[in-house]
Each structure stands twice: as structure tokens, then as C-alpha cells.
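# Per-entry structural report
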Amino acid sequence: MTSPLVTEHRIADATAGLYGVAVTQDGAVWATLTRGEAVVRRDADGTVTTIPLGDGSEPSLLTAATEDSVWVTDSGGDRILRVGPDGIRGSLAVPTPGARPFGIAAAPSGQVWFTESGASALGRIGILGRVDEFAAGPAGGGISRVACDGESVWFTLSEGNAVGYIRGGNSAPVVTALPADGSAPVGITVASDGAAWFTESGAGQVGRIDRNGALAEFALPDRSSTPSAIAADPAGGCWFTLPGSNQVGFVSADGTTAVTELPTPDSEPHGVAVAADGAVWLALATGALAELRP
């Protein structure tokens, strides 16, 4: 593939901890400030608004909620927030103290799933706002991120060296162990064909589990690139961030990989999201959003 055009947009100070990113239907790009106790919204016209979440908050990851709002995990406050351009629109406490919600994904049904990194569990917000919790593999498995596809819920166990799967809200999780010790799976997404793609931060690989449960792994050119977040592309491939090598990667449906260098040295890309118009957005630790136009 041809290298995409990369444009950077500064939206925060480098000390604020820019981390997660999501795009809403109105064309706005949202990002979390893990040390800034806030989220940032960049409108389609380039207007930037910082929305405080309160003292002690620790926003981690986020996902689109409505046309103009997002769901945000507040790891420090043990709560899930819905945030719009006008501020916090709703707040739901996580039942287990110290659960530290982290990853989050909205399902087509209207349910919202999130990971509890401090409790080795999954949480679910029902369509009426009830919060339930479910065991997700062995204790100490280091549950990280979550992705949804219909009734299917996928999640990574970074310390457990495995990927988990639930079909239907009350089903027992099925865990697939990864072959190499220390693979440390982190990001996960579901492609248009229903296959789950995930990053292996410790192994320098991306992995794929198809609808039949078959596992495939694809080595990256730089095995020390620490692949992190990953997001599906409508054409069937996936984009992923490489903070260890200052790159963004792309993997096609057949496993072919390509990487693109980011223009600013040591920009440390973390979150990634793909907009409806095909633009790819990255959250950089430097305090900028990178916009890629393939």
C-alpha cells in the first residue's frame, strides 16, 4: 500500500497523557488525558474543547456512544462516564471497589462492555443502565481491552498470555492461550468478516482468530515495536499503533503487514480509531492527534 499522508494537530500539553481516541458520527475526534483529568474533543471544523472530569479522575479509554457523545472509563474513579460537548451527561459507578475500569466497547445492541483491570473481570452496562460484572478468565490474567461484534465479546488477557471470547452476555468465557510465553496481548478489534485481530506487545506480532477459532500470528518487521491499540478498517484490514518504533502499522485481511513512520520523533502513538470517511486517527503522547489519509 502507498504510505498515507500524516498531519498532526496539537490538542494538549505533552504532560497531560494523551492516550485513547474515538470518533463520533458528527465527525468529532475525542481523546483522553490520563494525567489531565479530562477528555478533549476536536470538532470537524478543528475547534478543540477540553472537558474536565473532576479531581482524581483517570480517564483511560473511550468509545462512541451517540452521534455526539462518548463512553469513557474512569480508572481512578471506578466509574463509567458518558460525555458530550456540553460535559458529563451520565455517570455509573462500578459495583466492585478498586475494579479500575479500562477498556470499553459499545455493542450494536446498545449494551456497553468494559474491562476491570483491578478485578480480572468484565463489566456490562445494559440498555436500561444496569451494571453487571462477569468473571473473565483466571485471576491475575491482566484483562486489558475489549471488542464487540453482535452478541460476541472479545477481550485480551495481557498477563495471562491469552485472548478470551464470550458469545452472549451470560455465557462462560472461552480462552485461547497464545503459543509464545510473554506475548502480552493488548489491543483487540473485530474485522468485517467477524475475525478478531489483536496485538501482541511482547512478541512484536499481530494475531487473528477467525469465526471457527483458528489462530494465526503475523510477525512485524521490528519485533521490539510493542504493538498496542488496533482498529478495524471497513475494507477488512486493521490499523495498529507501534509506540516502540514510532510507527503506525496496517495488516490486510490476508496477513500482509506494512508500517508508516511518524514525522515527529518519539511521538509514542497509543490509541487508534478509523473514521467513517476512512481517515485514521492516532493519539500521540506528545499531545497531538495524528490524522492519516490513506
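Structure report, in brief.

Calculation criteria
- Residues numbered from 1 in each chain as written.
- Predicted model: local features only at pLDDT ≥ 70, side-chain atom pairs only at ≥ 80, totals over all residues.
- Heavy atoms only, no water.
- Core = buried A, V, L, I, M, F, W, Y, C linked by side-chain atoms within 4.5 Å.
- Buried < 20%, exposed > 50% of the residue type's maximum accessible area, 1.4 Å probe, protein only.
- Helix = DSSP H or I, 4+ residues; strand = E, 2+ residues; numbered from the N terminus.
- Contact = heavy atoms within 4.5 Å.
- Pairing = 2+ DSSP bridges.
- Axes fitted to C-alpha atoms, helices over the stretch in contact; angles between N-to-C directions.
- Salt bridge = Lys/Arg side-chain N within 4 Å of Asp/Glu carboxyl O.
- Phe/Tyr/Trp six-rings, centres within 6.5 Å; stacked < 30°, edge-to-face > 60°.
- Polar contact = N/O pair within 3.5 Å; in protein donor to acceptor, adjacent residues only side chain to side chain.

In this section: the nonpolar core. Among the nonpolar cores identified, the biggest contains 17 residues, and Ile11, Val21, Leu33, Trp281 and Leu289 are the most heavily contacted of them. For this core, the secondary structure elements donating two or more residues are strand E2 (18-23), strand E3 (29-33), strand E4 (38-42) and strand E27 (280-284). Excluding residues within four positions of it along the chain, Ile11 makes contact with Leu18, Ala31, Val40, Arg42, Val48, Gly287, Ala288 and Leu289. In this structure, Ala105, Ala107, Trp113 and Ala162 belong to the second largest nonpolar core, which totals 14 residues.

A few words on the pairing of strand E24 (residues 247-251). Among the five residues that make up E24, five are buried, leaving the element largely enclosed by the rest of the structure. Of the two faces of E24, both are covered, the one formed by Gln247, Gly249 and Val251 as well as the one formed by Val248 and Phe250. Relative to E24, strand E23 (residues 238-242) runs antiparallel, the two being bridged by five bridges. Bridging from a neighbouring strand, Cys238 pairs with Val251 of E24.

What follows deals with the sheet that holds E4. Read across the sheet, four strands follow the order E2-E3-E4-E5 without closing on themselves; strand pairing throughout is antiparallel. Taken across any chain shown, the strands that pair with only one partner, and hence form the sheet edges, are E2 and strand E5 (48-52). Averaged over all neighbouring strand pairs, the angle between strand axes comes to 20 degrees, with direction disregarded. Looking at chain direction, E3 and E4 are connected through five bridges and run antiparallel. Paired with Val29 across the bridge in E4 is Arg42.

Let us now look at the pattern of salt bridges. By the definition in use, this model includes eleven salt bridges. The partner of Asp86 in a salt bridge is Arg89, with the nearest N and O atoms 2.9 Å apart. With a shortest N-O distance of 2.9 Å, Asp132 and Arg130 are connected by a salt bridge. You can call Asp132 buried: its relative accessible area is 18%. The exposure class assigned to Arg130 is exposed, which follows from its relative accessible area of 59%. Residues joined in a network through salt bridges with shared partners are Asp26, Arg41 and Asp43.

Moving on, we get to the packing of aromatic side chains. Applying the stated criterion to the full structure yields five aromatic pairs. Both rings, one in Trp197 and one in Phe218, keep their centres 5.7 Å apart while their planes meet at 25 degrees; by these two values the pair is stacked. Of the two residues, Trp197 is situated in strand E19 (residues 196-200) and Phe218 in strand E21 (residues 215-219); the sequence distance between them amounts to 21 residues.

For Asp74, the location among the structural elements is in strand E7 (residues 69-74). Polar contacts involving the side chain of Asp74 include one to the main-chain amide nitrogen of Gly76, which spans 3.3 Å. Apart from the residues lying within four places of it in its own chain, the contact partners of Asp74 are Ser57, Glu58, Pro59, Arg79, Leu81 and Pro101.

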